[in-house]
Amino acid sequence: DSEHLESTLNILNVLDELLSAGTDRRIHYMIAKGGSEALLTALVSAARAPSPNFSMLVPVMHLLAKVGHRDRNIGQKAEKMEAVLLTLDLLRQNVKHARRAAACLWLLQVFCSSISTATLLGKNGALDIVFKLISPYTTKHTRMSTVKGGFTLKHMSSVFFPDANSRCAVAKGYISGLLRLYEDWHHRDMGNGYVTMCKALLRCLQHATNTSAARAAVVAEGGMGLLFHTTQSCLDNKGLESLVDAAVQLMRKCYPKCPVPLRSGYSAYMFPLPGSSDDDSNDGNRNDDQSSRDYDDDLETDLKKLRVKPEPDRPMEELGQYVELCPELHCDFQDLDSGSEEEESSDEEILLCGKNSTFKSAPRGLIDQERDGLTDHLRARDLHNHYLNSYKAKEDTPGMVDRLLEKHGPCIPHHDPRTYAAAAARTNSVAGYSILAFPDFWGHLPPCCQELMAERKPKVQRERVFEDILRYLHPEDLINKVVFDLEDPSSQVNSEHSGSLRFFSKFESGNLRKAVHVRSHEYDLILNADANCSQHHQWFYFEVSGMKANVPYRFNIINCEKANSQFNYGMQPVLYSVREALEGKPHWVRAGSNICYYRNHFCPVHNQNGSSSAYYTLTFTVTFQHTDDVCYLAYHYPYTYSALQSHLQQLRKSVDQRKVFFQQQSLCNTIAGNPCPLVTITACPPSRSWRDLQQLRNRPYVVLTARVHPGESNASWVMKGTLEFLCSDDPAAKTLREAYIFKIIPMLNPDGVINGMHRCSLNGEDLNRQWMKPDPNLSPTIYHAKGLLYYLNTTGRSPLVFCDYHGHSRKKNVFLYGCSVKETLWQSGSAVDTASLKEDPGYRTISKTLDRIAPAFAFNSCNYLVEKSREATARVVVWREMGVLRSYTMESTYNGCDQGIFKGLQIGTRELEEMGMKFCQSLLSLRRSTMLYNRKLISQPCTLYDLDDKLQDHKSHNSFEDDEPPCVEEIEYLNDCCPEYNEDMLDQEVNSNAFSSEDEEENDKPRSSLQHPERKPRLIPCFMHRTSLEALSVKRSSCQSNDITNNT
């Protein structure tokens, strides 16, 4: 009856008033109290009436659409209450009534948030209804006059999403139909009047192509060419920008997948492991970044694991072998009394510097340069020919090197090319390297000035994607010639006279597996996986020659694995020119333009493990300055194992051994037989008196490690800065040597570094996930590093500080990860009462100091949370098992800084080395109560005095995740190219539809939601009597007097 109708409408309007005010908190409260079910019950009851009253039914559907859009389970609830098919029937019956049909479409869109509900709709003919409601442009003035096709598709596109509906769309030819409709409407649109229609059609195609069959149907129906050509006609029209973006995403999604052109997805370098058979292999397919793990769920909440020290992983009697690794505790310092600075040369030093040392082949270019009289012009082709046959000149190489150095002279501090060559001669590699890369041999100086982050060209990714799509549309234009193959040297010989660039990577730390000449000045590059596995493609370092000056060359590294990269945020690769180096500018410089990083259409070979692995393209353009130069390109500034060995030799010779105790030992041998260096640095005692010797032996230990991940070469540059500072005559360095004993393992993964790997060692495992129970045969460096720490712990000499230097590929700045029980429990929301827990807040002291004295350091990026996924890392194991409060991972960016004086600048080796120095200086803050400071020690002495160890807040930032804003262009293509409306947008459209009357809908166009941008309740204004409105006004003012809006 009319009274019942009016009461119901009043209730609906009051509900809409209440739910429209403030935030969504009220709507969620209503949902929690069964509001969705109540509205569904009203809908079903009204719809099943013999003569449904749409005066009430439409407002119910409007309100249910608003509420249901915020209810995650609305689809399942609607199915349970049989409202889904009922609403679909209402749509069938009211296709000629625009307002009623719109209400049904909104509600069905909300129901389709559930895959099962959308599938149910598909089984019951929802797809057929969609195609009945739309028509080609030529008949738009008939059926389209009642319900706009664009409106229909916009709100029913989700029905295409389930796989079953997608397959149904393919079987019924709807994919072809959608493409033809899009072509028809797009070509007829002369004034941007049908953008909504075209965009809705693209949305349907995007949802429908979630199955391989649908994507294949798009390709088979010529969809790639259609979308490409229609898109090209839109590029100059800003009003069609949304169509271009949607079409590009759809083309990327439908681009036929193809495996990378390799014989096998496994690394080209396989190494027999101790105790394994020839058939054993390690696919290495582990998600080391744990990016799929929910962050809060990953936090350790077991107080026992956080507080209780685990049992040692080995018998205590095995620790005796580490006594010899602590010579400072047993040395009698007899040379202090002799006053002699002379030292007998060791066999090793004779090998390094003596006349009988055996060099490997000279770096590329040196011998030809010698024969050409060291002309200024590099003949890259001759260099290349000699490079492949350099064994013939091996005996004459030392003389040529001497003459070259005599002419140009070494100019790199702490670097001697002869020493480097001798160290490289003793390095064991899987591939048996016999060639030296010129930058490593000759050395590197930091650039004269700091380099700005690269500005991203607008729409650069779109341009590159268009070029990629043209490969598919016009394969006849491609060269597709292999010009370098690590597994087939003949490909390189064949490219000598082809006019192609020439590539090479078979040298220490090199990584390039294959190069394919695609188009005139474009090359696809494929990286080698880490040895003994099929993953971890990120680090690259290769030589390129045969170029022409001032010609832009595009390089595409097509098998990257990470979902995002700092290359999207201003980072550039680094380039080294041999010609520039011989002209006195031996610099690695940031280079490359048109840089972007995005998901591509390549997939792993055979997809060995059935995983859904995706590959990403890093593309950049390089314009070389000199014709026939020899250049090197790398992910970051390379730092090889041989460079470390050479550097340590130079440091040992540079220190005054009467004042500085500098001892280099071998921690152990790696799997490949390379020594893992262990360096001890401290101050020699003033005399051999018992008191002075005891003072030395009572000094606390600081243990520093680096380069457990071989691709993180920035960690080695930080370590280089640390080593050089500790060996310097700086007053602060002298104080540090007198205060601490430094145990430094500068390269925990020599084999990985030598063989150009990114993450693993030769065992195919991430060594920084082996610290809990390291295998002495497969992870010897970790096993013995932990053994040394155990030994110090059992003798009462647990380190005061432990820090493992790393690099971070997806964040800017330098920052620390530490460990805190309280902060972990706070962040995880644990029920444990942390107020009763006592924890020394001194774990923040170093980070606070660094934040004040190190320009590249960002305290706000630091994190002190203990995650389950990182329980086997060095930082967590040393903290938990050795009881080291200040156990850290120090992460350094590959890119640059977004704060401080380095903001907007890319980081260089100078800044990285400075960071190593600053970390050492920060250790002074730990000794301020026992040491007298001199203003000469550091440039900011006051920063060490004014430290507050109190915990300032209980928040630890989620620094394990990316902190960059979304990329300006979509990296992925599986995301919805036309995102669904958010809650506010849907509310606006519902209100707009509610505002119109049954009489208006016959004559007027549906109102745009932009006419009512504000969120106001407009469910039933045309159905209410004046007395009802007055009553509502009284209620409204009463509600306002109670200030309900402030309680949202």
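Residues numbered from 1 in each chain as written. Predicted model: local features only at pLDDT ≥ 70, side-chain atom pairs only at ≥ 80, totals over all residues. Heavy atoms only, no water.

The protein chain carries the name tubulin-glutamate carboxypeptidase in an unreviewed UniProt entry, which gives Scleropages formosus as its organism. Its UniProt record gives the protein chain a comment under Subcellular location (unreviewed entry), which states: "Cytoplasm, Cytosol". For the record of the protein chain, the UniProt heading Cofactor (unreviewed entry) holds the text "Zn(2+)". (UniProt positions renumbered as here; feature names shortened; annotations may be inferred.)

Asker: I'd like a rundown of the overall build of the protein chain, residues and numbers included.
Answerer: For the protein chain, the helix and strand inventory stands at 42 helices and 22 strands. Considering the protein chain as a whole, with its 1048 residues, one finds that 59% of them fall into the buried category. In the protein chain, once contacts between residues fewer than 6 apart in sequence are set aside, the share between residues at least 24 apart is 80%. (Helix = DSSP H or I, 4+ residues; strand = E, 2+ residues; numbered from the N terminus. Buried < 20%, exposed > 50% of the residue type's maximum accessible area, 1.4 Å probe, protein only. Contact = heavy atoms within 4.5 Å.)

Asker: Could you give an account of the sheet that holds strand S7 (residues 541-545), with specific residues and numbers?
Answerer: Taken together, five strands build an open sheet; the order of strands is S4-S7-S14-S9-S10 and the sheet is antiparallel. The open sheet has two free edges, formed respectively by strand S4 (502-504) and strand S10 (588-590), since each of these has just one partner strand. Recorded for the sheet is a direction-independent mean angle of 30° between the axes of neighbouring strands. Bridge count between strand S9 (residues 574-577) and strand S14 (residues 630-634): four bridges; the pairing is antiparallel. Each bridged residue has a counterpart across the sheet, and for serine 577 the counterpart in S14 is cysteine 631. (Pairing = 2+ DSSP bridges. Axes fitted to C-alpha atoms, helices over the stretch in contact; angles between N-to-C directions.)

Asker: Got a sec to walk through the packing of aromatic side chains? Specific residues and values, please.
Answerer: This model, assessed by the stated rule, comprises 33 aromatic pairs. Taken together, a centroid distance of 6.1 Å and an interplanar angle of 40° make the contact between phenylalanine 540 and phenylalanine 542 tilted. Looking at phenylalanine 540, the relative accessible area reads 1%, which means it is buried. Overall, phenylalanine 542 belongs to the buried group, its relative accessible area being 0%. Look at tyrosine 541 and tyrosine 632: their rings are 6.3 Å apart centre to centre, the planes differ by 55°, and that puts the pair in the tilted class. Of this pair, tyrosine 541 sits in strand S7 while tyrosine 632 sits in strand S14, and the two are 91 residues apart along the sequence. Three or more aromatic residues joined by ring pairs make a cluster, and in this case those are Phe503, Tyr523, Phe540, Phe542, Tyr553, Phe555, Phe567, Phe620, Phe624, Tyr635 and Tyr894. Looking at arginine 599, its charged tip hangs above the ring of tyrosine 973, at a distance of 5.0 Å from the centre. (Phe/Tyr/Trp six-rings, centres within 6.5 Å; stacked < 30°, edge-to-face > 60°. Lys NZ or Arg CZ within 6 Å of the ring centre and 35° of its normal.)

Asker: Help me get a handle on the side chain of asparagine 94, residues and values and all.
Answerer: Looking at where asparagine 94 falls in the secondary structure, it is placed in the loop between helix H6 (84-93) and helix H7 (98-111). Note on asparagine 94: relative accessible area 3%, which makes it buried. Discounting residues that sit within four places of it in the chain, asparagine 94 has contacts with Phe54, Arg100 and Ala101.

Asker: Before we move on, could you go through the packing of helix H12 (residues 174-188) against helix H15 (residues 223-232) and cite the residues and values that matter?
Answerer: Where H12 contacts H15, the axes come no closer than 11 Å and their chain directions differ by 20°. With respect to their mutual orientation, H12 and H15 come out roughly parallel. The two elements H12 and H15 meet at a crossing, and its hand is left-handed. Counting all contacts with H12, which are made through Leu179, Arg180, Tyr182, Glu183, His186 and His187, the residues of H15 involved are Gly223, Leu226, Leu227 and Thr230. (Parallel < 35°, antiparallel > 145°, perpendicular 65-115°, else oblique. Left-handed = near helix turned anticlockwise from the far one by under 90°.)

Asker: Which residues make up the sheet that holds strand S21 (residues 886-893), and what are the values?
Answerer: Read across the open sheet, the seven strands follow the order S15-S16-S18-S17-S19-S21-S20; overall the sheet is mixed. With one partner strand each, in any of the chains shown, strand S15 (660-669) and strand S20 (814-817) form the two edges of the open sheet. Sheet twist, expressed as the mean angle between neighbouring strand axes with direction ignored, is 20°. Across eight bridges, strand S19 (residues 801-808) lies against S21 in parallel orientation. When the sheet's bridge partners are listed, glycine 807 is paired in S21 with serine 892. Contacting S15, strand S16 (675-683), strand S17 (701-706), strand S18 (741-745) and S19, helix H34 (residues 780-794) crosses the sheet at an angle of about 130° to S15.

Asker: Pulling in residues and values, what's your account of helix H1 (residues 2-20)?
Answerer: In a regular helix each residue adds 1.5 Å, so 19 residues correspond to 27 Å; H1 covers 26 Å between its end C-alpha atoms and thus fits that length. Of all the positions in H1, only Thr8, Leu9, Asn10, Leu12, Asn13, Asp16, Leu19 and Ser20 are classed as buried. Directly beyond the C-terminal end of H1, a positive phi value near 75° is found at glycine 22. (Expected span 1.5 Å × (residues − 1).)

Asker: Go over the UniProt feature "active site" (unreviewed entry) in the protein chain with me, naming the residues and quoting the values.
Answerer: Listed under "active site" (unreviewed entry) in the UniProt record, and renumbered for this structure, are Glu891. Within the secondary structure layout, glutamate 891 lies in strand S21.

Asker: How would you summarise the pattern of salt bridges if you had to cite specific residues and measurements?
Answerer: The full count for this structure, using the stated rule, is 40 salt bridges. The closest approach of N and O atoms between glutamate 580 and lysine 585, which form a salt bridge, is 3.0 Å. For lysine 585, a relative accessible area of 38% puts it in the partly exposed group. Here the residues in one salt-bridge network are Arg464, Glu467, Asp468, Arg471, Arg519, Glu522, Asp524 and Arg554, joined through shared partners. (Salt bridge = Lys/Arg side-chain N within 4 Å of Asp/Glu carboxyl O.)

Asker: Describe the environment of leucine 748, with residues and values.
Answerer: Turning to its location among the elements, leucine 748 is positioned in the loop between S18 and helix H33 (750-754). What makes leucine 748 buried here is its relative accessible area of 0%. It is 6.1 Å that separates the C-alpha atoms of leucine 748 and threonine 781, two residues lying 33 residues apart in sequence. Among all residues touching leucine 748, those that are not within four sequence positions of it are Cys676, Thr705, Ala706, Arg707, Val708, Leu767, Trp771, Thr781, Ile782, Ala785 and Asp804.

Asker: Tell me what's going on with the nonpolar core, and back it up with residues and numbers.
Answerer: If you look at the biggest cluster of nonpolar residues, it comprises 131 residues, and the most contacted ones within it are Phe503 and Phe555. For phenylalanine 555, the contacting residues outside a window of four places in its chain are Leu501, Phe503, Tyr523, Leu525, Leu618, Thr619, Phe620, Val622, Phe624 and Leu633. (Core = buried A, V, L, I, M, F, W, Y, C linked by side-chain atoms within 4.5 Å.)

Asker: Can you tell me about the pairing of S15, naming the residues and giving the values?
Answerer: In this structure, S15 lies alongside S16, joined through nine bridges in antiparallel fashion. Its bridge partner lying in S16, cysteine 668 is registered against cysteine 676. The hairpin turn running from S15 into S16, its antiparallel successor, is five residues long, and glycine 673 in that turn takes a positive phi close to 90°.

Asker: Give me the lowdown on the packing of helix H4 (residues 54-68) against H7, citing residues and values where you can.
Answerer: It is the contact of H4 with H7, at a shortest axis distance of 9 Å, that shows an interaxial angle of 30°. Judged on the interaxial angle alone, H7 and H4 are roughly parallel. Viewed along their axes, H4 and H7 form a crossing whose handedness is left-handed. On H7, the residues that touch Phe54, Val58, Met61, His62, Leu64, Ala65 and Gly68 of H4 are Arg99, Arg100, Ala103, Cys104, Trp106, Leu107, Val110 and Phe111. Of the residues belonging to the contact of H4 with H7, the class tally is eleven nonpolar, two polar and two charged. (Nonpolar A, V, L, I, M, F, W, Y, C, P; charged D, E, K, R; others polar.)

Asker: Run through the pairing of strand S8 (residues 552-560), naming residues and quoting values.
Answerer: Within S8, eight of the nine residues are buried, which leaves the element mostly enclosed by the surrounding structure. Pairing geometry for S8 and strand S13 (residues 616-623), over seven bridges, is antiparallel. In the sheet register, cysteine 560 faces S13, and the bridge partner there is tyrosine 616.

Asker: Can you break down helix H37 (residues 874-881) residue by residue, with the values?
Answerer: Counting buried positions over the eight residues of H37 gives eight, a clear majority of the element. Those residues of H37 lying buried are Ala874, Arg875, Val876, Val877, Val878, Trp879, Arg880 and Glu881. Residues of H37 that are buried in the fold lie against helix H18 (303-307), H34, S19, S20, helix H35 (821-828) and S21. Glycine 883 sits one or two positions beyond H37 and adopts a positive phi of about 70°.

Asker: Let's hear about the state of the cysteines: which residues, and what values?
Answerer: Under the definition given, this model contains zero disulfides. Cysteine 449 forms no disulfide, and the closest cysteine sulfur to it belongs to cysteine 448, at a distance of 6.6 Å. Looking at cysteine 449, the relative accessible area reads 55%, which means it is exposed. (Disulfide = S-S within 2.5 Å.)

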